[in-house]
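A structural walkthrough
Each chain, letter by letter, is given below.
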Amino acid sequence: MRVRFDTFELDEANASLLREGKPVALAPTPFAVLCALVRQPGSLLAKNALLDAVWGHRFVSESVLKTAISEIRTALRDDPRQPRFIETVSRRGYRFIAATVAISAAPSPLAGVSPTAPSRPASFIGREEALARLRGAWDSARSGKRAVVWVAGEPGIGKTTLIEHFVAGLGDVACARGQCVEHFGAGEPYLPVLEALAELCRRDGAVPTLLRAVAPTWLLQLPWLSTVEERDALRRELAGVSPERMLREMGELLDRFTEQRPLLLVTEDLHWSDRATVQLLAYIARRRGSAHLMWLASFRLAEMVAQEHPLNPMRHELRLHGLCEEIVLDPFSETEVADVVAQLAPSLAGDEAFVRALHERTDGVPLFVTSVLSDVTAGAEQGDEDAGVGARLARLAVPENLAAIIDHYIAKLGGEQRELLAAAAVCGVEFRVATISAALARDAAWVEQHCEELARQRLWLTAPGAGPGRQPTEPAYLFRHALFRQLMYERTAPLARAQLHGKVGAALERERSAGAPVTAAELAMHFERGREPMTTLRYYAEAAGTALANLSPAECKDLSEHGLSLLGRAPEGTERNALEITLATLCGMAD
């Protein structure tokens with residue numbers, strides 16, 4: 001299928017989505033959902049039909065489909081409230097509503113190029129070292145040395161994008177893929193392995209015969225490959241066999257298959273895998289003898305640690321014995337974020353201040369970078385140019401597709417963890433244990449213990465360590481991602497948030513009186529949001545006076561004017577009148 005709609009061009013065969021001739025980044029699963037919708041324009045596709053079409057008959061929740069739709073809307077810059085492309089039919093499904101025009105097939109510009117020649121799509125940025133390590137592992141596998149490789153990182157870091165690019169660059173190789181899915185209870189044993197094995201059987205007619213010869217227990221797990229009579233005979237023959245036999249059979253199957261050609265097994269989201277799959281992976285990694293096999297898997301470090309997943313100790317043991325290789329993906333550098341901006345929004349590429357602000361706001365996480373950039377540029381297209389890109393970035397809400405991801409992690413928090421993080425989000429990106437302890441009326445040891453647990457999960461918090469002006473006895477933590485902190489702040493109920501601001505402000509007052517470096521402007525902000533107007537005015541007056549003394553008249557004017565705008569919230573009286581005179585005087589002196 002190759003069609004054009006609006007300014008977009010969708011080419012299913014080449015896994016390509018273009019907007020005005022430029023590539024649009026879209027992960028494989030959302031791309032498949034988009035293709036399913038575009039294939040039937042104007043027709044309602046029920047949620048179950050979409051789940052079956054894209055995910056097959058695996059059990060996945062509707063939230064997975066919702067996330068995919070959200071990512072598509074972000075890529076297409078489609079507003080769900082006023083959709084131009086994808087319409088939601090409440091409780092039923094989705095409909096593609098834009099007009100489509102079929103495009104006749106054109107000769108491939110890569111005709112004549114060797115299918116094994118690596119190709120680098122224009123949308124792929126960075127990751128040169130990771131790609132080199134993956135290609136090195138594949139070369140080892142082709143030479144007969146089995147390779148087990150993990151690609152690890154946080155959500156949105158680009159694990160799937162890297163794997164897709166690596167696989168595409170290999171050309172025509174035997175590759176079988178399996179996807180782990182989040183289970184709500186015990187998962188089906190070997191689910192991603194069976195999915196990969198089924199794919200291998202469909203592509204290579206010799207595999208079912210090999211299964212019958214060396215892996216009958218696995219053949220029994222794929223009922224469509226045998227008759228009812230054959231399955232009944234197999235069940236009688238295999239009654240009482242141990243789970244260890246399945247391990248031995250799969251080891252033999254892979255060894256026999258790879259005698260003819262190298263095989264790449266890909267398993268994604270291993271942090272959701274069942275124990276049987278982890279046990280099999282460990283067995284294959286430890287198996288002696290040569291095999292032209294590479295098993296490539298991805299997982300999220302944060303969930304691996306938080307869930308005490310059995311893969312976590314196993315991966316450490318395999319690394320200790322040199323039986324696996326682990327590639328941990330880091331966030332993009334500021335230079336790489338600039339490359340993304342140059343590719344997706346060329347008009348902003350020369351704005352170094354914007355690139356720096358985008359990098360700081362997204363912490364360089366690729367998914368965050370592209371989503372936030374898409375929302376910023378969409379704001380310009382909708383007539384918000386006057387605000388400037390910097391201002392649009394500063395006031396931007398968390399993009400819908402990212403909010404869905406972060407909400408997933410918020411839902412997994414325990415009650416005490418959520419209580420702590422809500423207070424921390426009110427404090428800001430960085431906070432002190434003493435502040436949270438005072439605001440929540442909790443013991444400091446309790447706060448520090450929970451912060452350490454959250455930091456070990458490598459998702460919510462990180463401990464910044466010693467820094468300029470920080471005392472060793474002053475424990476402090478940072479939100480790992482500013483967007484996580486922002487959404488936690490926004491998800492706290494307004495009244496509870498206002499109460500927390502008041503409590504944090506009072507705690508910071510006490511810390512300040514004890515010598516902590518807390519500014520009057522920070523206190524003014526907390527008491528303003530905590531709905532304590534008189535205290536707010538006092539601190540805005542102090543902050544404006546400090547700014548003037550520090551030879552910053554512009555800042556003094558901004559602070560005093562803002563303070564004057566809040567006068568109506570304070571009760572009338574002598575103190576308010578005195579503060580009004582002070583603020584007005586400072587404002588006049590700043591001119």
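Heads up: these notes are all about the structure in this document. (Residues numbered from 1 in each chain as written. Predicted model: local features only at pLDDT ≥ 70, side-chain atom pairs only at ≥ 80, totals over all residues. Heavy atoms only, no water.)

1. So, empty space enclosed by the protein
Put simply, the test is: Residues are said to line a cavity or pocket when one of their atoms sits within 4 Å of a point; the points come from a 1 Å grid over protein atoms alone, cavities being sets where a 1.4 Å probe fits but cannot get out and pockets being open sets with protein on both sides within 12 Å along at least five of seven lines. Grid points are joined across faces, edges and corners, and a volume is the space filled by probe spheres set on the points. Numbering of helices and strands runs from the N terminus; a helix is a DSSP stretch of H or I covering at least four residues, while a strand is a stretch of E covering at least two.
All told, the structure shown has two cavities of 30 Å³ or more when counted by the stated rule. Reported here for the largest cavity is a volume of approximately 100 Å³. Lining of the largest cavity is provided by 14 residues; of these, Val193, Ala196, Leu197, Met250 and Leu265 occupy positions nearest its centre. Elements supplying a minimum of two residues to the lining of the largest cavity: strand 10 (174-179), helix 6 (191-203), helix 10 (243-257) and strand 11 (263-268). The element that contributes the greatest number of residues to the lining of the largest cavity is helix 6, accounting for five residues.

2. A look at the pattern of salt bridges
Note the cut-off: What makes a salt bridge here is a side-chain nitrogen of Lys or Arg within 4 Å of a carboxyl oxygen of Asp or Glu, nothing more. Think of it in three bands: with a 1.4 Å probe and only protein chains considered, a residue is buried below 20% of the maximum accessible area for its type, exposed above 50%, and partly exposed in between.
Counted under the stated rule, the structure contains 28 salt bridges. Put simply, Asp255 and Arg146 hold a salt bridge, and the shortest N to O gap is 3.4 Å. With Asp255 in helix 10 and Arg146 in the loop between helix 4 (128-142) and strand 9 (147-153), this pair connects stretches of sequence that are 109 residues apart. Like Asp255, the residue Arg146 is buried in the burial classification. The salt bridge partner of Arg512 is Glu542, with a shortest N-O separation of 2.5 Å. Of this pair, Arg512 sits in helix 23 (residues 494-513) while Glu542 sits in helix 25 (residues 533-549); the two residues are 30 residues apart in sequence, bridging distant segments of the chain. Linked by salt bridges that have partners in common, Arg146, Glu252, Asp255, Arg256 and Arg287 make up one network.

3. Quick look at the packing of aromatic side chains
Spelled out, the test is: Any two rings among Phe, Tyr and Trp, with Trp reduced to its six-membered ring, count as a pair given centres within 6.5 Å; such a pair is stacked if its planes are under 30 degrees apart, edge-to-face if over 60, and tilted if neither. We count a charge as sitting over a ring when the NZ of a lysine or the CZ of an arginine lies within 6 Å of the ring centre and within 35 degrees of the ring normal.
Per the counting criterion, the structure on display carries twelve aromatic pairs. Ring-pair connections join several aromatic residues into one group, and the members of that group are Phe5, Phe8, Phe85 and Phe96. Between the NZ or CZ atom of Arg442 and the centre of the ring of Trp446, over which it lies, the distance is 4.1 Å. Its guanidinium or amino end placed over the ring of Tyr489, Arg485 lies 5.1 Å from that ring's centre, counting from NZ or CZ.

4. Here's the deal with the pairing of strand 2 (residues 8-11)
Worth spelling out the cut-off: Whether two strands pair comes down to DSSP finding at least two bridges between them.
Along strand 2, one buried face is formed by Phe8 and Leu10 and the opposite face, lined by Glu9 and Asp11, is buried too. Strand direction decides the pairing type here: strand 2 and strand 3 (residues 16-19), joined by four bridges, are antiparallel. Residue pairing in the sheet places Asp11 in a bridge with Ser16 of strand 3. A loop of four residues connects strand 2 with strand 3, the two strands running antiparallel in sequence, and Ala15 in this loop sits at a positive phi of about 50 degrees.

5. Quick word on the sheet that holds strand 9
For clarity, the threshold we go by: In this analysis, axes come from line fits to C-alpha atoms, helices being fitted only over the stretch in contact, and the angle between any two N-to-C directions falls in the range 0 to 180 degrees. In what follows, residue pairs with any heavy atoms lying within 4.5 Å of each other are defined as contacts.
Strand order in the open sheet made by the five strands is 10-11-12-9-13, with parallel pairing throughout. Taken across any chain shown, the strands that pair with only one partner, and hence form the sheet edges, are strand 10 and strand 13 (325-328). Neighbouring strand axes in the sheet, compared pairwise and without regard to direction, differ in orientation by 15 degrees on average. Inspection of the sheet shows strand 11 paired to strand 12 (residues 293-300) by five bridges, in the parallel sense. Residue Leu263 lies in a different strand from strand 12, and its bridge partner there is Leu293. Docked against the sheet, helix 5 (residues 159-170) engages strand 9, strand 10, strand 11 and strand 12, running at close to 165 degrees with respect to strand 11.

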